[in-house]
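# Structure assessment
Letter by letter, the chains look like this.
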Amino acid sequence: MILETNARPGMAIQIANKSPLKTRLDKVEDLKIPNPTRGIEIGKQLFGSMLIEEQVEKITGKQVIGNTESITLWTDTQEEIRMIAKIKTTKEMSIIDRALAIDLGFLDAEDTTKKSIQLKFKMGESKIHAIMRIKDLSKKEEKIMIGKKQLNGFLVDPSKQLDDKIQEKKIIKKLNFKKIDAELAKVNSELNITPYVNPLNAAEERETFFSHLENGIEYNPYFQYKKFPGDFDTLRKQVRNIETDDSPLGILFHKKQQELLRKIKLIEQRGDGIEYSKASINMFGKPSLKDIENAQALLDTRPDTYNEDPAKYHSEEIYKKFQDAITEYGIK
């Protein structure tokens, strides 16, 4: 039994909130509180403003926010960015700092005429499309201000504090896998190995080599290669700058990165026998003993002589031969 004599205002508040003292005491009966400061913290967490906010939101249908709020932005490439925004009920339109807009890719650095940008963000449980004015907020702590046009559906409580953990994280970038895939695919298309590692003068050097061999003269072929259009260091840096993470898809992209770096090394080492061999082994791996045995078996079955002047056919003759073969085998 509890006898409480604190009629005003304590009892009146409990009656108004429909939250009597005994109910609260029952909740904390078995808790061990080390000191008064900790007891106050626990009291706030159990019976503080969050419960009131939930009741207000339930009654009004509006979310309660403070003077600063965590928001999530989405760029044109669907990259997700979390920031701290200032709630400005005195401003009609929302505002974004010019330097931040450039840094996040919303604005071209050389564009001095654009006065506003359109973007979408999430605040609380609401997704909002907004037109934000571009201003210099370099002297302000918050680089985004949310104006009245975007505050429909919200109630502002100046006493509400933002979680300290959220405040510590100004920007969190979520990787855009679609963008990463496009970047890797672009580099990969520039690294088609075959045209760059096959010598341009292979036939001539082969003929020269065997000509010298027949005369008992040692000859080391000198191969010429197709010029690679890009700069190897720049391309290597471009690949390394593609950011991945430890998610399953991120790990897959990282492996593709390493493959592209090996391709760059392989093309770069053309003409250097020792280094090219190392790069080739690094790219394709060493043959197993079984592979070597199979290769030797193929070499052992090769004919002693070759037709040095094979028949040459015109495209129309080749087409006819294919047509005849298709008819002969009944292929449809």
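Scroll up a little and you will see the structure.
A brief report on the enclosed structure follows.

Conventions and cut-offs
- Numbering of residues begins from 1 in every chain and follows the order in which that chain's sequence is written.
- pLDDT decides what is reported in this predicted model: residues at 70 or higher carry local features, side-chain atom pairs at 80 or more are listed and counted, and totals for whole chains, interfaces and linings draw on all residues regardless.
- As a rule here, side-chain values cover all heavy atoms of the structure and leave hydrogens and water aside.
- Helical segments are the DSSP runs of H or I of at least four residues, strand segments are the runs of E of at least two, and each set is numbered from the N terminus.
- Each residue's exposure class comes from its accessible area (1.4 Å probe, protein chains only) as a fraction of the maximum for that residue type: buried when under 20%, exposed when over 50%, partly exposed otherwise.
- The contact rule is simple, with two residues in contact once any of their heavy atoms fall within 4.5 Å.
- In these tables, accessible area is a Shrake-Rupley quantity obtained with a 1.4 Å probe, and a residue counts as shielded only by the protein chains included in the view.
- As used here, the term nonpolar core means buried Ala, Val, Leu, Ile, Met, Phe, Trp, Tyr and Cys residues forming a set that is joined through side-chain atoms within 4.5 Å.
- The working definition used for a salt bridge is a side-chain nitrogen of Lys or Arg within 4 Å of a carboxyl oxygen of Asp or Glu.
- The residues that make up patches have over 30% relative accessible area and no salt bridge, and they are joined within 9 Å when like-charged or within 5 Å when they are Val, Leu, Ile, Met, Phe, Trp or Tyr.
- Any two rings among Phe, Tyr and Trp, with Trp reduced to its six-membered ring, count as a pair given centres within 6.5 Å; such a pair is stacked if its planes are under 30 degrees apart, edge-to-face if over 60, and tilted if neither.

### What to know about the overall build of the protein chain
Of the regular secondary structure elements, the protein chain holds 14 helices and nine strands. The buried share of the protein chain, reckoned over its 332 residues, is 25%. Partitioning the contacts of the protein chain with sequence separation of at least 6, the portion at a separation of at least 24 is 61%. Of the roughly 24,800 Å² of accessible surface on the protein chain, 52% is carried by carbon and sulfur atoms.

### Some words on the nonpolar core
Grouped together as the largest cluster of nonpolar side chains are 25 residues, with contacts concentrated most on Leu73, Ile96, Phe121, Met123, Ile144 and Ile146. Counting residues per element, the ones that place at least two in this core are strand 2 (68–74), strand 3 (80–87), helix 5 (98–103), strand 5 (116–123), strand 6 (126–135) and strand 7 (144–146). Contacts of Phe121, omitting those with residues within four sequence positions, involve Ile71, Thr72, Leu73, Trp74, Ser126, Lys127, Ile128, Ala130, Met132, Ile146 and Gln150. Counting residues in each nonpolar core, the second largest holds 16 residues, with Ile180, Phe228, Ile242 and Phe253 among its members.

### So, the pattern of salt bridges
Throughout the structure, instances matching the rule amount to eight salt bridges. Residue Glu275 is joined to Lys278 by a salt bridge in which the shortest nitrogen-to-oxygen separation is 3.6 Å. Of this pair, Glu275 and Lys278 both sit in helix 12 (residues 273–284), three residues apart, which is roughly one turn of that helix. Through salt bridges with shared partners, a single ionic network connects Asp233, Arg236 and Glu268.

### Topic: the side chain of Glu69
Position of Glu69 relative to the elements: it lies in strand 2. If near-sequence neighbours (up to four positions away) are discounted, Glu69 is found in contact with Met83, Ile84, Ala85, Ile87, Met123, Lys160 and Leu162.

### Some thoughts on a nonpolar patch on the surface
Among the surface-exposed residues, Tyr313, Ile318, Phe322, Ile326, Tyr329 and Ile331 lie close enough to one another that they form a single nonpolar patch of about 660 Å² accessible area. For Phe322, the position within the fold is in helix 14 (residues 315–328). Judged by relative accessible area, which is 56%, Phe322 ranks as exposed.

### Remarks on the packing of aromatic side chains
Overall, the coordinates contain four aromatic pairs when judged by the stated rule. Centroid distance Phe209 to Phe210: 5.4 Å. Interplanar angle 80°. Geometry classified as edge-to-face. Geometrically, the ring pair formed by Phe228 and Phe232 is stacked, given 4.9 Å between the ring centres and 15° between the ring planes. With respect to class, Phe228 is no different from Phe232; both count as buried. Following the ring pairs from residue to residue traces out a cluster consisting of Tyr196, Phe228 and Phe232.

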